[in-house]
Amino acid sequence: MALCTPNYNLKNLTPLSSKSIFNIGHDRIIKGRRRISITPASNTGGTGELAYEEGQLERPRWTGETPLSRLVGALISFKPLFSVLKLGARQVLISTAEKTNIPWRDMTREILDSSDVYKEMDTILDPSVLYPDYYLNPFHAYDEGNLSWLAAAEAEAATMSMVRRAIPNASTLDEANQIVRGNWLQAIEQHHQQYSGNCAVRDILDVGCSVGVSTRYLADRFPSAKVTGLDLSPYFLSVAKSKEKKMSSPRTNPISWIHANGEYTGLPSQSFDLVSIAYVLHECPARAIVNLVKEAFRLLRPGGTIALTDNSPKSKILQELSPVLFTLMKSTEPFLDEYYLTDLEGTMRAAGFVNVRTRLTDPRHRTVTATVPY
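Residues numbered from 1 in each chain as written. Predicted model: local features only at pLDDT ≥ 70, side-chain atom pairs only at ≥ 80, totals over all residues. Heavy atoms only, no water.

When helices and strands are tallied, the protein shows 14 helices and 10 strands. Considering only contacts in the protein between residues 6 or more positions apart, those separated by 24 or more positions represent 76%. Only carbon and sulfur atoms are counted for the fraction: they give 53% of the accessible area of the protein, which is about 15900 Å². (Helix = DSSP H or I, 4+ residues; strand = E, 2+ residues; numbered from the N terminus. Contact = heavy atoms within 4.5 Å. Areas by Shrake-Rupley, 256 points an atom, 1.4 Å probe, with all protein chains shown as cover.)

Laid out in structure tokens, this is it:
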């Protein structure tokens, strides 16, 4: 799941300079860490190396088969307590958003009250799509998961809140997006430039595009490319298509929206130069992660790039979450343990990818990029 605010000048979105980022969060960012270095484009053209801080563990103690993880799992499995935790998690999301000037309730009401959104369902829904069993589970504090209008209406505000939590010392949401989205896009561009053999980015697929925010970032960063957003939720896609239609300046290359399963898209092989999967994998069981990676490999042309962005198991901040917060998080994310236990880089290599590279692109999230060999 990945979203944004439509009012920003995304075409010119670049990471903040290293000086700016250190001023925002000097206590969370350090120099000289191995493997996770970033070279942000500064406003003066400098290339000072920057890295976000890793924790001491391979993954948080509250994940996997640790005693702490099993205790949290036992608490969540107690249904009366689970209901309380689910409500608490939802309240934390909304209050966090509104405390940082994200008008969660107003944004939700605007979408739910828009007749245009509901009309798009007829143009988006593919009745032949089969939903995998895991997708029908409650998550994100919604009993219907992503298959509801409420989940679709709240998705953009939820992602804005995620960005603010990732960069808590940013003065504005725009500033936080400059770091989170800017570093993610730069990681993709740098990898493709280094390993693609000068292949142009002509066709982009955004798998699990939600309401289309990550899709719009990609379309603005690669304006000459044909961009497609694909998601299992027709509700999310209806919101995405409606928002895109309301843009003040229509795109030269309009975004296409497809209702399909990212594990088995049915799209032609070797038809994309970039496949992005942003903030999706932590919502999937391990078997689905493997299938998503394999399908991305099939869809990419030789020299094509895959970019996976999600929670980083090595994030110091995530490893040091308070018991209250990680219990609330796990109560709404049923496959979080499987995600953290998955060797993502190994899964990508097993699928055939080469040049697998991982970096922390903000204090909470990693971007893993790789190439389809020639």
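The structure having been displayed, the exposition proceeds.
The next thing to look at is the packing of helix H6 (residues 149–166) against helix H7 (residues 173–195). Remark: H6 packs on H7, axes separated minimally by 9 Å, with the N-to-C direction vectors making an angle of 80°. Classified by the interaxial angle, the pair formed by H6 and H7 is roughly perpendicular. For the pair H6 and H7, contact is made by Thr-159, Met-160, Val-163, Arg-164 and Ala-166 and by Leu-173, Ala-176, Asn-177, Val-180 and Arg-181, respectively. Class assignment for the residues of the contact of H6 with H7 results in 6 nonpolar, 2 polar and 2 charged. (Axes fitted to C-alpha atoms, helices over the stretch in contact; angles between N-to-C directions. Parallel < 35°, antiparallel > 145°, perpendicular 65-115°, else oblique. Nonpolar A, V, L, I, M, F, W, Y, C, P; charged D, E, K, R; others polar.)

Before going further, it helps to examine unusual backbone geometry. The backbone of His-140 shows a phi angle near 55°, a positive value even though the residue is not glycine. Judged by relative accessible area, which is 13%, His-140 ranks as buried. Look at Ala-141: it is not a glycine, yet its phi comes out positive at around 65°. As for its placement among the helices and strands, Ala-141 is situated in the loop between helix H5 (115–124) and H6. (Buried < 20%, exposed > 50% of the residue type's maximum accessible area, 1.4 Å probe, protein only.)

On inspection of all chains with the given rule, the structure shows 9 aromatic pairs. An angle of 90° between the planes, with centres 6.0 Å apart, marks the rings of Tyr-134 and Phe-335 as edge-to-face. Taken together, the positions of Tyr-134 in the loop between H5 and H6 and Phe-335 in the loop between helix H12 (323–332) and helix H13 (336–341) put the pair 201 residues apart, joining distant regions of the chain. The exposure classification of Tyr-134 matches that of Phe-335, with both residues buried. A centroid spacing of 5.0 Å and a plane angle of 85° characterise the contact between Trp-149 and Tyr-235, whose relative ring orientation is edge-to-face. Here Tyr-235 lies in helix H9 (residues 234–245) and Trp-149 lies in helix H6, a separation of 86 residues in the sequence. Among the aromatic residues, ring-to-ring pairing joins Trp-62, Phe-326, Tyr-339 and Tyr-340 into one connected group. (Phe/Tyr/Trp six-rings, centres within 6.5 Å; stacked < 30°, edge-to-face > 60°.)

Below, the discussion takes up the sheet that holds strand E5 (residues 226–231). Judged by pairing direction, the sheet is mixed, and its 7 strands sit side by side in the order E6-E5-E4-E7-E8-E10-E9 without closing on themselves. Only two strands of the sheet have a single partner each, and these edge strands are strand E6 (256–259) and strand E9 (354–360). Adjacent strand axes in the sheet meet at a mean angle of 15° when their direction is disregarded. Inspection of the sheet shows strand E4 (residues 203–207) paired to E5 by 5 bridges, in the parallel sense. Bridge pairing links Asp-206 to Gly-229 in E5. On the sheet, helix H14 (residues 344–351) packs against strand E8 (300–311), E9 and strand E10 (365–371) and is oriented at approximately 15° with respect to E10. (Pairing = 2+ DSSP bridges.)

Counted under the stated rule, the structure contains 18 salt bridges. A salt bridge links Glu-295 to Arg-298, with the nearest nitrogen and oxygen atoms 2.7 Å apart. Here Glu-295 and its partner Arg-298 are both found in helix H10 (residues 286–299), 3 residues apart, which amounts to about one turn of the helix. The exposure class assigned to Arg-298 is partly exposed, which follows from its relative accessible area of 28%. (Salt bridge = Lys/Arg side-chain N within 4 Å of Asp/Glu carboxyl O.)

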